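Each chain, letter by letter, is given below.
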Amino acid sequence: SQQGEEDPQALSIQEGENATMNCSYKTSINNLQWYRQNSGRGLVHLILIRSNEREKHSGRLRVTLDTSKKSSSLLITASRAADTASYFCGMDTGRRALTFGSGTRLQVQP
Amino acid sequence: DVKVTQSSRYLVKRTGEKVFLECVQDMDHENMFWYRQDPGLGLRLIYFSYDVKMKEKGDIPEGYSVSREKKERFSLILESASTNQTSMYLCASSYPGGNTEAFFGQGTRLTVV
């Protein structure tokens, strides 16, 4: 089974609203990374949070990590139509390759 | 800017054909990866390589092999393509060690008919 699960699977919001997506994982991690994928394209790295960090910000992105609950959340504030994409969490479990969740499809309506 | 380039965006092959997917990166990264992406299943790791001629199986290596003869190039080989290998294939690369991000290519949409 997958190391990571994301929810919701799909999210539809209006421009200007905040979007929150969650990632849960099963084993211990060194860090957790969030990636964005526009339709039919490759993944683009957004932000990395280390296992000893609890919160990190980058522009309109806010990531939290709760290692006791084995979960992370990505908050996009003041969303724009251009934020429409799929978002994936990637977990570094120490095996050289990231393990990814199944992703959240975000639709931002103009 | 790091660039990871996959040789084809779209590919259509026949069942039984031998298929080569090529990936080249220009940042001297030691690590290179091949994932496949299917709806509802996210990204699943097929193989990865941490050095020239070195490879390790990922979570779903069956039906695939890889080749890394040069540091910048990592090839995925479908020995005898089957319809269940129709998928989006993503190549990525990264520096070794922890706390490093992966850089992805644009993906190859492979259809096996």
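Remember, predicted model here, so these are calculated numbers, not experimental data.

Participant: With reference to specific residues and values, describe the overall build of chain A.
Facilitator: In terms of regular secondary structure, chain A is built from zero helices and eleven strands. Along the chain direction, N to C, the helices and strands of chain A fall in the order β-β-β-β-β-β-β-β-β-β-β. Relative to a compact globule of 110 residues, whose C-alpha radius of gyration would be 13 Å, chain A shows 13 Å and is just as compact. Structurally, chain A occupies a C-alpha span of about 40 × 25 × 20 Å along its principal axes. Within chain A, buried positions represent 46% of all 110 residues. Here the analysis covers contacts within chain A between residues at least 6 apart in sequence; of these, 54% occur between residues at least 24 apart. Per element, the accessible surface of chain A, about 5200 Å² overall, is 44% carbon and sulfur.

Participant: So what about the pattern of salt bridges? Which residues, and what values?
Facilitator: Scanning the entire structure with this criterion turns up twelve salt bridges over all chains. Its salt-bridge partner being D83 of chain A, residue R60 of chain A comes within 2.9 Å of it at the nearest N-O pair. Note that R60 of chain A is positioned in the loop between β6 (55–58) and β7 (61–66) and D83 of chain A in the loop between β8 (71–76) and β9 (85–92), a separation of 23 residues in sequence. One salt bridge in this structure joins D38 of chain B and R36 of chain B, with 2.8 Å as the shortest N-O distance. What emerges from the salt-bridge pattern is a single network uniting R36, R60 and D83 of chain A.

Participant: Before we move on, can you summarise the interface of chain B and chain A with the specific residues and values?
Facilitator: Of the residues lining the interface, 25 residues belong to chain B; the matching set on chain A comes to 22 residues. Of all residues in chain B, L43, N99 and F104 of chain B bury the most surface against chain A, accounting for 28% of the area lost on that side. Note that R95 of chain A is salt-bridged to D59 of chain B, the shortest N-O span being 2.9 Å. Taken together, the connections running from chain B to chain A amount to nine residue pairs in polar contact (both at pLDDT 80 or more). Considering each element in turn, the side of chain B that touches chain A owes the most residues, six residues, to strand β5 (residues 42–51) of chain B. Across the side of chain B that touches chain A, the residue classes break down as eleven nonpolar, nine polar and five charged.

Participant: Lay out the packing of aromatic side chains with the relevant residues and their values.
Facilitator: Under the counting rule described, the total for this entry stands at eight aromatic pairs over all chains. Seen from their ring centres, Y35 of chain A and F100 of chain A are 5.6 Å apart, and the 70° between their planes marks the pair as edge-to-face. Taken together, the positions of Y35 of chain A in strand β4 (residues 31–37) and F100 of chain A in strand β10 (residues 99–100) put the pair 65 residues apart, joining distant regions of the chain. For the pair formed by Y35 of chain A and F100 of chain A, the shared burial category is buried. On the numbers, 5.9 Å between centres and 70° between planes, the contact of F100 of chain A with F104 of chain B is edge-to-face. Here F100 of chain A, found in strand β10, pairs with F104 of chain B, found in strand β10 (residues 103–104), and the two come from separate chains. Assessed through its relative accessible area of 11%, F104 of chain B is described here as buried. Among the aromatic residues, ring-to-ring pairing joins Y35 and F100 of chain A together with F33, Y35, F48 and F104 of chain B into one connected group. Lying across the ring of Y50 of chain B, R96 of chain A places its NZ or CZ 3.9 Å from the centre.

What counts, and at which threshold
Residues numbered from 1 in each chain as written. Chains lettered and ligands numbered in written order. Predicted model: local features only at pLDDT ≥ 70, side-chain atom pairs only at ≥ 80, totals over all residues. Heavy atoms only, no water. Helix = DSSP H or I, 4+ residues; strand = E, 2+ residues; numbered from the N terminus. Rg over C-alpha atoms; globule rule 2.2 N^0.38 Å. Buried < 20%, exposed > 50% of the residue type's maximum accessible area, 1.4 Å probe, protein only. Contact = heavy atoms within 4.5 Å. Areas by Shrake-Rupley, 256 points an atom, 1.4 Å probe, with all protein chains shown as cover. Salt bridge = Lys/Arg side-chain N within 4 Å of Asp/Glu carboxyl O. Buried area = accessible area lost by both parts, 1.4 Å probe. Polar contact = N/O pair within 3.5 Å; in protein donor to acceptor, adjacent residues only side chain to side chain. Nonpolar A, V, L, I, M, F, W, Y, C, P; charged D, E, K, R; others polar. Phe/Tyr/Trp six-rings, centres within 6.5 Å; stacked < 30°, edge-to-face > 60°. Lys NZ or Arg CZ within 6 Å of the ring centre and 35° of its normal.

The quantities given are spatial measurements derived from coordinates; they are silent on function.
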